[in-house]
Amino acid sequence: MTYTNPAAYECFMGRWSARLAPRFAAFAGIRSGERVLDVGCGTGNLSRALIDLAPNIDVIGIDPAASYVDWASRSLRSPRVRFQVGTAEALAFADAAFDAALALLVVQELVDSPRAVREMARVTRRGGCVAACKWDFGNGLPMLSLFWQAAEAVSPDAVARYRANRGIRPDYPGPDELAALWRESGLSEVRTVALGITMEFDSFEDFWLPFLGGATALCVFAGDLNDATQGAVARRLRETLASMFGVGGFALPARAWAVVGVVAD
Ligand SMILES: C[S@@+](CC[C@H](N)C(=O)[O-])C[C@H]1O[C@@H](n2cnc3c(N)ncnc32)[C@H](O)[C@@H]1O
């Protein structure tokens, strides 16, 4: 889907990616003095984690969504980071221009992922790393599973139609497919790992209202279905969460798959 609303994205998933980003940067082994490409930078959460990692890491973030690039440029002002519009499949950089190329929560969006990974390897120097990380949409994101359970209970037909129209397997690519993609792209020393985080919510509203901001296709669906059912999705979800955690704040875990490989000699 087209990403058009960076403010809504920040409320919905930005806090999750901000928490995941330092874990991913550490897994990729980014070191002081490196020049890093943040592919699909979105609102800039990985770029922020990278420049916070060490005082002399430089970052360029690229993303096809001009409004996200604008948001990132305005919210992260540093002489060590620059954002520009661009796509992973056609990176506007010279061969070996970076020490590392990273993509956080982007692989599932790519039109041509083999081409994108080859491009990330091309712009990375020999011995540098190419890494990506994506949520485990199959089993690793209770935040979304709980929403889907509520939506299915309220309107199974609408959920089936949404899934059929999207035509994608939520668990794809998993760690094995990511590793295969990395090896087929010529990368060596390929490793995958599960990265876990926990997110706290002050209240049911803190959890639910970001679903209604239209940030992603799922959010548009959630808002429309909730309206069409006079709030039944929200009521169901509130009941489920209250049965699990009682009334008030709660925390949910999340798991992402990460893959890293080294550009071979
Ligand atoms: C889920 S968001 C992740 C953004 C950011 N990396 C983060 O972790 O918060 C997915 C991002 O991928 C970008 N994207 C979609 N297609 C892309 C492509 N072909 N090349 C690069 N980025 C792409 C979107 O514009 C969006 O900003």
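Because the structure is predicted, anything quoted here is derived from the model rather than measured.

Thresholds applied
- Residues numbered from 1 in each chain as written.
- Predicted model: local features only at pLDDT ≥ 70, side-chain atom pairs only at ≥ 80, totals over all residues.
- Helix = DSSP H or I, 4+ residues; strand = E, 2+ residues; numbered from the N terminus.
- Buried ≥ 20, exposed ≤ 12 C-beta atoms within 10 Å, placed from the backbone.
- Axes fitted to C-alpha atoms, helices over the stretch in contact; angles between N-to-C directions.
- Parallel < 35°, antiparallel > 145°, perpendicular 65-115°, else oblique.
- Left-handed = near helix turned anticlockwise from the far one by under 90°.
- Contact = placed C-beta atoms within 7 Å.
- Nonpolar A, V, L, I, M, F, W, Y, C, P; charged D, E, K, R; others polar.
- Near = placed C-beta within 6 Å.

(A) Layout of the overall build of the chain. When you go through the chain residue by residue, the secondary structure sums to ten helices and seven strands. Here the C-alpha coordinates of the chain stretch approximately 55 × 35 × 30 Å along the principal axes. The buried share of the chain, taken over its 265 residues, is 40%.

(B) Quick peek at the packing of helix α1 (residues 6-28) against helix α2 (residues 45-53). For the pair α1 and α2, interaxial distance at closest approach is 8 Å and the crossing angle is 40°. Here α1 lies oblique to α2, going by the angle between them. In the packing of α1 onto α2, the handedness of the crossing is right-handed. Two secondary-structure elements touch here, α1 through Gly 14, Ser 17, Ala 18, Ala 21, Pro 22, Phe 24 and Ala 25 and α2 through Asn 45, Leu 46, Ala 49, Leu 50 and Leu 53. Tallied by class, residues from the contact of α1 with α2 come to nine nonpolar, three polar and no charged.

(C) Quick look at the site of the ligand. Around the ligand, a shell composed of 23 residues is seen, among which Ser 17, Gly 40, Gly 42, Ala 88 and Glu 109 lie nearest. Secondary structure elements with two or more residues in the shell around the ligand: α1 and α2. By residue class, the composition of the shell around the ligand is 13 nonpolar, seven polar and three charged.

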